[in-house]
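What the coordinates show
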Amino acid sequence: MTGPRTTTPTDAEPPPRRRRLGRWRDQTLALAWLVVVWSLLWGEVNWANLAGGLLVGGAVLLFFPLPAVTFSGRLRPWALLVFAARFGAELVSASLHVARIAVQPGYRPRGAIIAVQLRVPTDLNLALTAEAVSLVPGTLILELDRDSATLYLHVLDTHGPAELTLARDRTLAVERRIIRAIGSAAEVHLVQSGTAGRGTRP
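Residues numbered from 1 in each chain as written. Predicted model: local features only at pLDDT ≥ 70, side-chain atom pairs only at ≥ 80, totals over all residues. Heavy atoms only, no water.

**Considering empty space enclosed by the protein**
Rolled over the atoms, a probe sized like a water molecule indicates the empty space that remains. Inspection of the entire model under this criterion finds 1 cavity of 30 Å³ or more. Space inside the largest cavity adds up to approximately 40 Å³. Lining the largest cavity are Phe-83, Phe-87, Glu-90, Ala-132, Val-136, Val-174 and Arg-177. Residue assignment for the lining of the largest cavity shows that the elements contributing at least two residues are α3 (77-103) and α5 (161-182). Among the elements that take part in the lining of the largest cavity, α3 stands out by supplying 3 residues, more than any other. For the lining of the largest cavity, the residue count by class is 5 nonpolar, no polar and 2 charged. (1 Å grid on protein atoms, 1.4 Å probe; cavity = no way out; pocket = protein on both sides within 12 Å on 5 of 7 lines; lining within 4 Å. Points joined across faces, edges and corners; volume = space filled by probe spheres on them. Helix = DSSP H or I, 4+ residues; strand = E, 2+ residues; numbered from the N terminus. Nonpolar A, V, L, I, M, F, W, Y, C, P; charged D, E, K, R; others polar.)

**As for the sheet that holds strand β2 (residues 139-145)**
The 3 strands lie next to each other as β1-β3-β2, forming an open sheet whose pairing is antiparallel. Each end of this open sheet is capped by a strand with a single partner; those strands are β1 (111-117) and β2. Put simply, the sheet's adjacent strands are angled 25° from each other on average, direction ignored. With 6 bridges joining them, β2 and strand β3 (residues 150-156) adopt antiparallel strand pairing. Among the inter-strand pairings, Leu-144 is bridged to a residue of β3, identified as Leu-151. Of the strands in this sheet, β1 and β3 are in contact with α5, which crosses β1 at around 45°. (Pairing = 2+ DSSP bridges. Axes fitted to C-alpha atoms, helices over the stretch in contact; angles between N-to-C directions. Contact = heavy atoms within 4.5 Å.)

**A closer look at the environment of Ala-115**
Here Ala-115 lies in strand β1. Put simply, Ala-115 and Leu-142 are 27 residues apart on the chain and 9.9 Å apart in space, counted from C-alpha to C-alpha.

**Notes on α3**
Between its terminal C-alpha atoms α3 stretches 39 Å, which fits the 39 Å expected from 27 residues at 1.5 Å a residue. The set of residues buried in α3 consists of Ala-79, Phe-83, Phe-87, Ala-94 and Ile-101. (Expected span 1.5 Å × (residues − 1). Buried < 20%, exposed > 50% of the residue type's maximum accessible area, 1.4 Å probe, protein only.)

**With respect to the layout of surface pockets**
For the second largest pocket, the calculated volume is near 470 Å³. If you go around the second largest pocket, you meet 22 residues; those closest to its centre are Ala-94, Val-136, Pro-137, Thr-139 and Arg-170. Sorting elements by how many residues they give to the lining of the second largest pocket places α5 first, with 6 residues.

Here it is as structure tokens:
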């Protein structure tokens, strides 16, 4: 006659120590991203801005705690370097374009609002993509629909449907580079499968 079977913890419920480590990791990633955003907003990376970003980011996470964001991917240094290089190039190009508009006499740029549905509907991807897109001059996030993973953004200086399609494709390209840098294997496959987001036309 056999005795009662003993139960063992399953993989579905990680031990408390692992959960705590996961929370600390997520908070560290959020703080690092806030420091990056703070430095970009000041337009210069120096020790003072890094220290200020740490203080402001720490205060935001302490007094305005965000919902838990699970990070299930892995960091890929080369893809992260590619993202940073492309982001820097787009930042310079967009800044020059906006500056040209500002000094061009009598020119009135047309703006448009488009909706772009992202392919990876996680909170982390929504936040990172929205931040990266908003930091580029000429584009501004107006609203984010969390349920449908849709970004609504204002695009400056548009002349027709082709340019709106280009703006939507640029947004999806930003998402793709972010996922390649920090996403899981399943998320990378999703953004590489060619599934297009939906955008509005004028």
